[in-house]
Amino acid sequence: MRLFDPHIHMTSRTTDDYEAMHAAGVRAVVEPSFWLGQPRTSPASFLDYFDSLLGWEPFRAAQYGIAHHCTLALNPKEANDPRCTPVLDELPRYLVKDQVVAVGEIGYDSMTPAEDIALAAQLQLAADHELPALVHTPHRDKLAGLRRTLDVVRESALPPDRVLVDHLNETTVKEAKDSGCWLGFSVYPDTKMDEERMLAILRAYGPEQVLVNSAADWGRSDPLKTRKVADLMLAEGFGEDDVDLVLWRNPIAFYGLSGRLTLDVAPPEATHEGNSILRGAPKEPEGPAGTPTGSDDAVGAPSVSGAPAGAASKWDDPTAAPAPGA
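Residues numbered from 1 in each chain as written. Predicted model: local features only at pLDDT ≥ 70, side-chain atom pairs only at ≥ 80, totals over all residues. Heavy atoms only, no water.

Things to note about the pairing of strand E8 (residues 210-213)
Then, in step 1: Burial along E8 is two-sided: the residues Val210 and Val212 and Leu211 and Asn213 are all buried.
Then, in step 2: The pairing of strand E7 (residues 182-186) with E8 spans four bridges and is parallel. If you follow Leu183 over to E8, its bridge partner there is Val210.
Then, in step 3: Note that the unit made of E7, helix H8 (residues 195-205) and E8 has a crossover that is right-handed. (Buried < 20%, exposed > 50% of the residue type's maximum accessible area, 1.4 Å probe, protein only. Helix = DSSP H or I, 4+ residues; strand = E, 2+ residues; numbered from the N terminus. Pairing = 2+ DSSP bridges. Right-handed = clockwise from strand over helix to strand, strands pointing away.)

Take a look at the structure:
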């Protein structure tokens, strides 16, 4: 089974999560920029964060055979902080980067005038850079938030079929679908959607233009929710093609609108800007004289802790069709 998590915040997760995700079938992720929990105090902190999404996280993901892309934006919550809004002027030089496959997360948190301005400005940036947009719908008063979001999208230069409206649920899915936007659903352990509710929506509205994600972050969340949705779909009578459409081909189709999506995972370098993720890695088996053949902190060490068996070049091709019953 091949899986694509189209919305997950891996900067909040550990390498153990990457290992478990690969074992579960995840071969590609998109990481949207978001609020880190601790308020930022200047645009410079955004820029360091953007740099990590363009460099360090793809490096970490590649250690586990996972293709990593990102979306960049001023998130809705911090659009209300005048210390942060100057990052809008910095975004254009980041939106030309190859790893950036959309503008996002943008949208609403508290539905303030400042959020109106940031959403409209970033939809225009997406249109200017010929990128799709990932739109966050608010956690409170969701239907009003969706309607306000769709009004701004209709007034923008970005067509609805280049917009993914995320964090949908039963109260918002119909109007979102009628708008022509792509439909995103976040599956969580306790809040947002769960697997059973997700299947009910798929039965009612079909799998076309639907993306399912874990949105896993620093809160209570689960980076394996995409696999759990896939398993339940199969158990409840959905076909393998339906699973592949929702959890692989639909994310590729949406983020492929950027013209930048690359699913090949190159064998990773030993370090990224002089840093590795090898601390704590098990040592290589001992050589003939009883001396270890590798060091857990050695630059260029031949193995990576928890990496899938085989070299990167031997990992399965994520673009290949799944084997029957895989």
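Observations concerning the packing of aromatic side chains
Then, in step 1: One pass over the full model with this rule turns up nine aromatic pairs.
Then, in step 2: Their ring planes at 70° and their centres at 5.4 Å tell us that Phe50 and Tyr94 sit as a pair that is edge-to-face. One end of the pair, Phe50, is in helix H2 (residues 43-54); the other, Tyr94, is in helix H4 (residues 87-94), with 44 residues separating them in the sequence. Of the two residues, Phe50 and Tyr94, neither departs from the other in class, the shared state being buried.
Then, in step 3: An aromatic cluster is defined as three or more aromatic residues linked by ring pairs; in this entry it consists of Phe4, Trp182, Trp248, Phe254 and Tyr255.
Then, in step 4: Between the NZ or CZ atom of Arg40 and the centre of the ring of Phe46, over which it lies, the distance is 4.3 Å. (Phe/Tyr/Trp six-rings, centres within 6.5 Å; stacked < 30°, edge-to-face > 60°. Lys NZ or Arg CZ within 6 Å of the ring centre and 35° of its normal.)

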